[in-house]
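Each chain, written out:
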Amino acid sequence: MSAPPSLKLPATVAAASPRAAAAPRATALRSACARPTRRLQFSASAAVAGASTEMTDDNLGWAERSLEELGSLPDNDTFCLMALSPLDGRYDRFIKDLMPFFSEFGLIRYRVLIEVKWLLKLSQIPEITEVPPFSEEAQLFLNEIVQNFGIDDAKEVKKIEKITNHDVKAVEYFLKLRCSSNPEIAKVSEFFHFACTSEDINNLSHALALKEGVNGVMFPAMIDICKAMCSLATQNSAYPMLSRTHGQPASPTTVGKEMANFAARLSDIGKSFSEVKILGKFAGAVGNYNAHVVAYPEVDWPKVAEEFVRSLGLQFNPYVTQIEPHDYISKLFNLFIQFNNVLTDFDRDMWSYISLGYFKQIPKAGEVGSSTMPHKINPIDFENSDGNLHLANGILSAISINLPISRLQRDLTDSTVLRNLGVGLGHSLLAYKATIRGISKVQVNESRLAEDLEKTWEVLAEPIQTVMRRYGIPEPYEKLKELTRGQAVTKDSMQQFIDGLDIPVEVRSKLAKLTPHFYTGLAEDLAKDIKKLVDLEFGFKIK
């Protein structure tokens, strides 16, 4: 196969030859791309999962392998120092698990997968006699291109893109050249991109990246947060704590109950993720199968497209323009925004509890809290999480608002926006890991909790005036307001008030034994029961 006439290679790709005009360029490109496919090494993680040595496309061993390749690249420290985004620089070690899915490498690999799968699908359609069923050897050859796709392969695609100035077309040329050594595939290689618009390939690539990246990386971190909060709730269910409404002393709760509140909220959001359908389209230039019908009018193209999209593990969208309208991405990201808002609430509450002394922070050896004040142990993890959640939601919100809007049958605004899917998720993941670190460093300060409760006997005004109502004492609220509002209330003054109440003796006796430390209602029971409510088996999952 020869390269298209307009395909001229830059010096970095073309063979170093005086005759750098025509055929030598194509020869150089072919030799660069037609190297033998590598056998995928069987990873330990795959072995544990019971995977076979022939890795399937559904297995994420490729992602693990790509990170190993990335780690072996020279001078990564220099790259991190010069990176424009802190996600790729300072924080890369925290978010690198997202890189295989949302990087340029990941997008190219998904495009290769779609193009290969489409050619295989065409070979299964009886009416398309020009692409007969492939032999087992040819199918293996094609599948290995996907299974063994690595960073070096992506670099080859990028070299071709320097010539084409079109990223999807570069993938098509890469595949044609890679398959030129296989006669069975080479003779039908023009069908790699048959009847496709670039967006047919791109929308499925982004959909797969979202499904696999969110299920495989984001949700496990979100589940870890919920588990950590549940542990905080149950382990600290009985520790009484002064509540603060409007920042002022209010009816006591327990430490565990306040943690349970957040676990319940986040878990409830998690259940909603399973309602999001990751959609794909494969209907050509404007969504009507125009070219398909002209070439093969006898084929039921909507059925073929649906079968193909569903074979990738995605849901099918039958009504589209040139693009899949991205409404599902908005729904997905709005749920992330909601989760992040709740987590921001948690981070700020934890910051406040630490400031009040209700939680102590466990010192870490060698860590410096302040460059000038040696005593400082700052709540940096909750602050880091708070800041990154704010950034994440700004990006996720911008993506969510922008993507569903496209002029007429399409414009290109979504293209550059879609390349930032991983940025919004990356700042979210960075925040999630910071919150988990923060939780791991705190422990309840019992003495400080007890100290605040002992100073706020006025919180018993609520139960006392409520009991007074039961026994018909007039104006109970007003009497307690006069006793407590803006006044210094002590155990003795509250006891004196109770002794003067015209209520049954046994009731007075019970009220006299009530203290702020034991006025927590059912908080302890609610905290202990949180694991019955939090659903981490069916939540946080995209099917």
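Residues numbered from 1 in each chain as written. Predicted model: local features only at pLDDT ≥ 70, side-chain atom pairs only at ≥ 80, totals over all residues. Heavy atoms only, no water.

Asks: Hey, could you go over the overall build of the protein for me, with residue numbers and the actual values?
Replies: A count of helices and strands for the protein gives 26 helices and six strands. In the protein, which comprises 543 residues, the proportion classed as buried is 50%. Long-range pairs, those at least 24 residues apart, make up 79% of the contacts in the protein between residues at least 6 apart in sequence. Entry remark: accessible area of the protein is about 26500 Å², with carbon and sulfur atoms responsible for 54%. (Helix = DSSP H or I, 4+ residues; strand = E, 2+ residues; numbered from the N terminus. Buried < 20%, exposed > 50% of the residue type's maximum accessible area, 1.4 Å probe, protein only. Contact = heavy atoms within 4.5 Å. Areas by Shrake-Rupley, 256 points an atom, 1.4 Å probe, with all protein chains shown as cover.)

Asks: Could you give an account of the pairing of strand β2 (residues 248–254), with specific residues and numbers?
Replies: Where strand β1 (residues 240–245) meets β2, five bridges bridge the pair, whose relative direction is antiparallel. Paired with Thr 245 across the bridge in β2 is Gln 248. In this antiparallel pair of consecutive strands, β1 and β2, the connection spans two residues, and His 246 shows a positive phi of 60 degrees. (Pairing = 2+ DSSP bridges.)

Asks: Give me the lowdown on unusual backbone geometry, citing residues and values where you can.
Replies: Positive phi values are uncommon outside glycine, yet His 246 reaches one of about 60 degrees. Tracing the chain through its elements places His 246 in the loop between β1 and β2. Notably, His 326 is not glycine yet its phi reads approximately 70 degrees, a positive angle. Overall, His 326 belongs to the buried group, its relative accessible area being 3%.

Asks: Please give an account of the packing of helix α12 (residues 198–235) against helix α19 (residues 421–440) that cites residues and values.
Replies: Axis separation between α12 and α19 bottoms out at 10 Å; the angle between their running directions is 20 degrees. One finds that α12 runs roughly parallel with respect to α19. By crossing handedness, the relation of α12 to α19 is classed as left-handed. Taken together, the residues of α19 that come into contact with α12 (itself represented by His 206, Leu 210, Val 214, Val 217, Met 218, Ala 221, Met 222, Asp 224, Ile 225, Ala 228 and Leu 232) are Leu 421, Leu 425, Ser 428, Leu 429, Tyr 432, Ile 436 and Ile 439. In terms of residue class, the contact of α12 with α19 is made up of 15 nonpolar, two polar and one charged. (Axes fitted to C-alpha atoms, helices over the stretch in contact; angles between N-to-C directions. Parallel < 35°, antiparallel > 145°, perpendicular 65-115°, else oblique. Left-handed = near helix turned anticlockwise from the far one by under 90°. Nonpolar A, V, L, I, M, F, W, Y, C, P; charged D, E, K, R; others polar.)

Asks: Tell me about the state of the cysteines, and name the residues and values.
Replies: Overall, the coordinates contain zero disulfides when judged by the stated rule. Left without a disulfide partner, Cys 230 is nearest to the cysteine sulfur of Cys 226, which lies 6.7 Å away. You can call Cys 230 buried: its relative accessible area is 4%. (Disulfide = S-S within 2.5 Å.)

Asks: Quick one: what's the story with the confidence of the model for the protein, residue by residue and with numbers?
Replies: A low pLDDT means the predicted coordinates there should not be read in detail. Residues at a pLDDT of 70 or more form 87% of the protein, whose mean pLDDT is 88. A low-confidence stretch, residues 8–58 (pLDDT under 50), is modelled with 74 contacts involving residues beyond four sequence positions or located in other chains. (pLDDT = per-residue confidence, 0-100.)

Asks: Explain the pattern of salt bridges to me, and be specific about the residues and the numbers.
Replies: As enumerated under the stated definition, the model contains 27 salt bridges in all. Between Glu 104 and Lys 158 there is a salt bridge, with its nearest N and O atoms 2.9 Å apart. One end of the pair, Glu 104, is in helix α7 (residues 104–122); the other, Lys 158, is in helix α9 (residues 151–164), with 54 residues separating them in the sequence. Exposure remark for Lys 158: the relative accessible area of 30% places this residue in the partly exposed category. For Arg 265, the salt bridge identified is with Asp 345, shortest N-O distance 2.9 Å. Taken together, the residues Arg 265 in helix α13 (residues 255–273) and Asp 345 in helix α16 (residues 327–356) connect sequence positions 80 residues apart. Taking the relative accessible area as the measure of exposure, Asp 345 reaches 31% and is therefore partly exposed. Linked by salt bridges that have partners in common, Glu 104, Arg 111, Lys 158, Glu 161, Asp 167 and Arg 419 make up one network. (Salt bridge = Lys/Arg side-chain N within 4 Å of Asp/Glu carboxyl O.)

Asks: Before we move on, could you go through α19 and cite the residues and values that matter?
Replies: With 20 residues, α19 extends 29 Å from end C-alpha to end C-alpha; this agrees with the ideal 28 Å at 1.5 Å per step. The buried fraction of α19 amounts to 15 of the 20 residues, a majority that puts the element mostly inside the structure. (Expected span 1.5 Å × (residues − 1).)

Asks: Residue-level account of the packing of aromatic side chains, with values.
Replies: Summed over the entire model, instances satisfying the criterion amount to 23 aromatic pairs. Plain terms: the ring middles of Phe 219 and Phe 540 are 6.0 Å apart, the flat faces sit at 65 degrees to each other, and that makes the pair edge-to-face. Taken together, the residues span a long stretch of sequence, with Phe 219 in helix α12 and Phe 540 in the segment after α26 (530–533) at a distance of 321 residues. Note on accessibility: Phe 219 and Phe 540 belong to one class, buried. Aromatic pair Phe 262 and Phe 346: ring centres 5.3 Å apart, planes at 80 degrees, arrangement edge-to-face. Of this pair, Phe 262 sits in helix α13 while Phe 346 sits in helix α16; the two residues are 84 residues apart in sequence, bridging distant segments of the chain. (Phe/Tyr/Trp six-rings, centres within 6.5 Å; stacked < 30°, edge-to-face > 60°.)

Asks: Go over the nonpolar core, please, and point to the residues and values.
Replies: Counting residues in each nonpolar core, the largest one holds 137 residues, and the members touching the most others are Val 112, Phe 282, Trp 301, Phe 333, Phe 336, Phe 346 and Tyr 432. The contact partners of Tyr 432, leaving out residues within four places of it in the chain, are Met 218, Ala 221, Met 222, Ile 225, Phe 336, Phe 339, Asn 340, Leu 343 and Leu 389. Counting residues in each nonpolar core, the second largest holds 17 residues, with Leu 460, Val 489, Leu 501 and Leu 511 among its members. (Core = buried A, V, L, I, M, F, W, Y, C linked by side-chain atoms within 4.5 Å.)

Asks: Account for the packing of α7 against helix α10 (residues 167–178), naming residues and giving values.
Replies: It is at 10 Å that the axes of α7 and α10 come closest, and there the two elements cross at 60 degrees. When the axis of α7 is compared with that of α10, the two are oblique. Judged by the twist between their axes, the crossing of α7 over α10 is right-handed. Residues Ile 108, Arg 111, Val 112, Glu 115 and Val 116 of α7 form the contact with α10, whose participating residues are Asp 167, Val 168, Val 171, Phe 174 and Leu 175. Considering only residue class, the contact of α7 with α10 consists of seven nonpolar, no polar and three charged.

Asks: I'd love a proper account of the environment of Ile 362, names of residues and values included.
Replies: Topologically, Ile 362 is positioned in the loop between β5 (359–361) and α17 (380–402). In this structure, the C-alpha to C-alpha distance between Ile 362 and Lys 441, residues 79 residues apart in sequence, is 5.1 Å.

Asks: So, the environment of Leu 356: which residues are in play, and what are the values?
Replies: Relative to the elements of secondary structure, Leu 356 occurs in helix α16. Owing to a relative accessible area of 25%, Leu 356 belongs among the partly exposed residues under this scheme. Note: C-alpha distance between Leu 356 and Arg 448 (92 residues apart in sequence) is 8.4 Å.

Asks: So what's going on with the environment of Asp 492? Residues and values would help.
Replies: Topologically, Asp 492 is positioned in helix α23 (residues 491–499). We classify Asp 492 as exposed; its relative accessible area is 61%. Note: C-alpha distance between Asp 492 and Trp 457 (35 residues apart in sequence) is 9.5 Å.

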